[in-house]
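Descriptive structure summary
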Amino acid sequence: MKYTELQDKSLIELQQLLKDKKAELFALRIQLKTMQLTKTSQISSIRKDIARISTAISQKAVLDS
């Protein structure tokens with residue numbers, strides 16, 4: 001997921017996407033602890049996606065005010 005893709009989305013869509021990514025990260029961490037996760041790099045990519053989404057949300061908040 002790229003930041004340019006996130007700029008076109010509305011604030012509500014971004015918040016929903018952030019919620020989904022956090023749930024996905026939680027599930028991956030559970031899989032890691034139970035030794036079911038094979039691609040540990042997924043965790044870092046999800047964390048980066050969460051950071052991109054958070055940046056887009058804060059950018060929209062600054063532009064809207």
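This one's a predicted model, so the numbers in the text were calculated from it and none came from an experiment.

Reading the values: the criteria
- Residues numbered from 1 in each chain as written.
- Predicted model: local features only at pLDDT ≥ 70, side-chain atom pairs only at ≥ 80, totals over all residues.
- Heavy atoms only, no water.
- Helix = DSSP H or I, 4+ residues; strand = E, 2+ residues; numbered from the N terminus.
- Rg over C-alpha atoms; globule rule 2.2 N^0.38 Å.
- Buried < 20%, exposed > 50% of the residue type's maximum accessible area, 1.4 Å probe, protein only.
- Contact = heavy atoms within 4.5 Å.
- Areas by Shrake-Rupley, 256 points an atom, 1.4 Å probe, with all protein chains shown as cover.
- Salt bridge = Lys/Arg side-chain N within 4 Å of Asp/Glu carboxyl O.

Counting its secondary structure elements, the chain contains three helices and zero strands. Against the globule reference of 11 Å for 65 residues, the chain gives a C-alpha radius of gyration of 14 Å, more extended than a compact globule. Along the first, second and third principal axes, the C-alpha atoms of the chain reach 45 × 15 × 15 Å. Among the 65 residues that make up the chain, the fraction classed as buried is 23%. Taking as baseline every contact in the chain between residues at least 6 positions apart, the subset at least 24 positions apart corresponds to 64%. Roughly 4,900 Å² of accessible area belongs to the chain as shown, and the carbon and sulfur atoms make up 55% of that amount.

This part covers the environment of Ala27. Tracing the backbone through its elements, the reader meets Ala27 in helix α2 (residues 11–33). With 10 residues separating them along the chain, Ala27 and Leu37 place their C-alpha atoms 9.9 Å apart.

This next bit is on the environment of Lys33. Tracing the backbone through its elements, the reader meets Lys33 in helix α2. Note on Lys33: relative accessible area 71%, which makes it exposed. For the pair Lys33 and Ala51, spaced 18 residues apart in sequence, the C-alpha separation works out to 23 Å.

Scanning the model with the defined rule gives two salt bridges in all. Close ionic contact of Lys21 with Asp49 constitutes a salt bridge, the shortest N to O distance being 3.5 Å. Of the two residues, Lys21 sits in helix α2 while Asp49 sits in helix α3 (residues 41–64), which places them 28 residues apart along the sequence. Residue Lys21 shares its accessibility class with Asp49, and that shared class is buried. For Asp49, the salt bridge is made with Arg52, and the minimal N-O distance between the two is 3.0 Å. With a gap of three residues between them, Asp49 and Arg52 both fall in helix α3, about one helical turn apart. Using a relative accessible area of 9% as the deciding quantity, one classes Asp49 as buried.

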